[in-house]
Amino acid sequence: MRQLDPETPNLARMYDYMLGGTDNFAVDRQAIDRLSELVPEAVPQARVNRAFLQRAVRYAAAAGVRQFVDLGSGLPTQGNVHEVAPQARVVYVDRDPVVAAHARRLLDDAGEAVFVQADLLDADEVLARAARFLDLDEPVAVLLVSILHFLPDDANPQAMVARWREALAPGSHLVLTHAASVAQSRSGGGGKVIHRGSSRRGGTRSPAEIRTFFGDFSLVPPGLVQAVDWRPDRPKLVSTRPLPGYLMGGVGIKD
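Our subject in this report is the structure included herewith. Keep in mind it's a predicted model, so treat the numbers as computed, not measured. (Residues numbered from 1 in each chain as written. Predicted model: local features only at pLDDT ≥ 70, side-chain atom pairs only at ≥ 80, totals over all residues. Heavy atoms only, no water.)

So, the environment of Ser172
Stated formally: Every helix listed is a DSSP run of H or I at least four residues long, and every strand listed is a run of E at least two residues long, numbered separately from the N terminus. We call a residue buried when its accessible area falls under 20% of the maximum for its residue type, exposed when it is over 50%, and partly exposed in between, using a 1.4 Å probe and counting protein chains only. Note on contacts: a residue pair is in contact if any heavy atoms of the two residues lie within 4.5 Å. Counting of polar contacts relies on pairs of N or O atoms within 3.5 Å, with two restrictions inside protein: one atom must be capable of donating a hydrogen and the other of accepting it, and residues adjacent in sequence are counted only when both atoms are side-chain atoms.
Mapped onto the secondary structure, Ser172 falls in the loop between α7 (157-167) and β5 (173-180). A relative accessible area of 0% means that Ser172 is categorised as buried. Spatially, the C-alpha atom of Ser172 lies 9.2 Å from that of Gln67, the residues being 105 residues apart in sequence. Apart from residues no more than four positions distant in its own chain, Ser172 is found in contact with Glu138, Pro139, Val140, Phe217, Gly252, Ile253 and Lys254. A distance of 3.0 Å separates a polar atom in the side chain of Ser172 from the backbone nitrogen of Val140.

Let's talk about the pairing of strand β2 (residues 89-94)
Basically, it comes down to this: When DSSP locates at least two bridges between a pair of strands, those strands are taken to pair.
Among the six residues in β2, five count as buried, and that is most of the element. The pairing of strand β1 (residues 67-71) with β2 spans five bridges and is parallel. Looking across to β2, one finds that Gln67 is bridged to Arg89. As defined by bridge partners, β2 adjoins strand β3 (residues 113-117) across five bridges and the pair is classed as parallel. Residue Val91 lies in a different strand from β3, and its bridge partner there is Val114.

Side note on the packing of helix α6 (residues 123-130) against α7
Selection rule: Lines fitted to the C-alpha atoms define the axes, with helices restricted to the stretch that makes contact. Angles between their N-to-C directions range from 0 to 180 degrees. Should the near helix be turned anticlockwise from the far one by less than a right angle, the crossing is termed left-handed; should it be turned clockwise, right-handed. Just so you know the grouping, Ala, Val, Leu, Ile, Met, Phe, Trp, Tyr, Cys and Pro go in nonpolar, Asp, Glu, Lys and Arg go in charged, and all remaining residues, Gly too, go in polar.
At a closest axis distance of 9 Å, the pairing of α6 and α7 adopts a crossing angle of 35°. α7 is crossed by α6, and the crossing has right-handed handedness. Taking contact as the criterion, the partners of Ala123, Asp124, Val126 and Leu127 in α6 are, on α7, Met160, Arg163, Trp164 and Ala167. Its residues placed into classes, the contact of α6 with α7 shows six nonpolar, no polar and two charged.

This is how it looks when you write it as structure tokens:
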């Protein structure tokens, strides 16, 4: 079956391996092992990203949110939304057919979680399909975790996120992480972002640019910060070395 080709690395399975999962093939593990030699921070950054997702989901659930949409979800494994908030309804969305093939199998016994194969940039289509499972008149937490920096400006991800903000009920949460350059994430300020790639091809954006995705949603303290610093579960040790590449994270609430 082409979707489950064990000879071709797949990003979602590679990410699963970085998180310590088992839904991956030898070719995926080999690719990540090689990546780790070239970019030692890759695996730690993936785990920072997943830890942020878990904290943000717990925060939203504690605030009474019982519905989640994970856009660009990848494989729903290793402490993902339906495991962190087992009483909630969860819609995972990804367009990758490899992800779809794995995800539907993984979610067979998940109960309140479903998978939708769709292009997250088609917000109206995804909203319509999510509405079959969720009540959009009630608060929903929308997750865009480590996905927006893969979307170039000419794909207009700003419009997609704005459509979700418009459609959501008051009390809804917008959760996102986004890659930013080291200098920009430290300063938190404006100026020209230092891109890994042009924003026309995707890549890092400045904190000011990332903040615009929240629109008029109120940012939960501490605001848009390095993901590792967003409501950490434990104090940061003085000896902890910062990762060379920074991931900004934040949660906004619709008033």
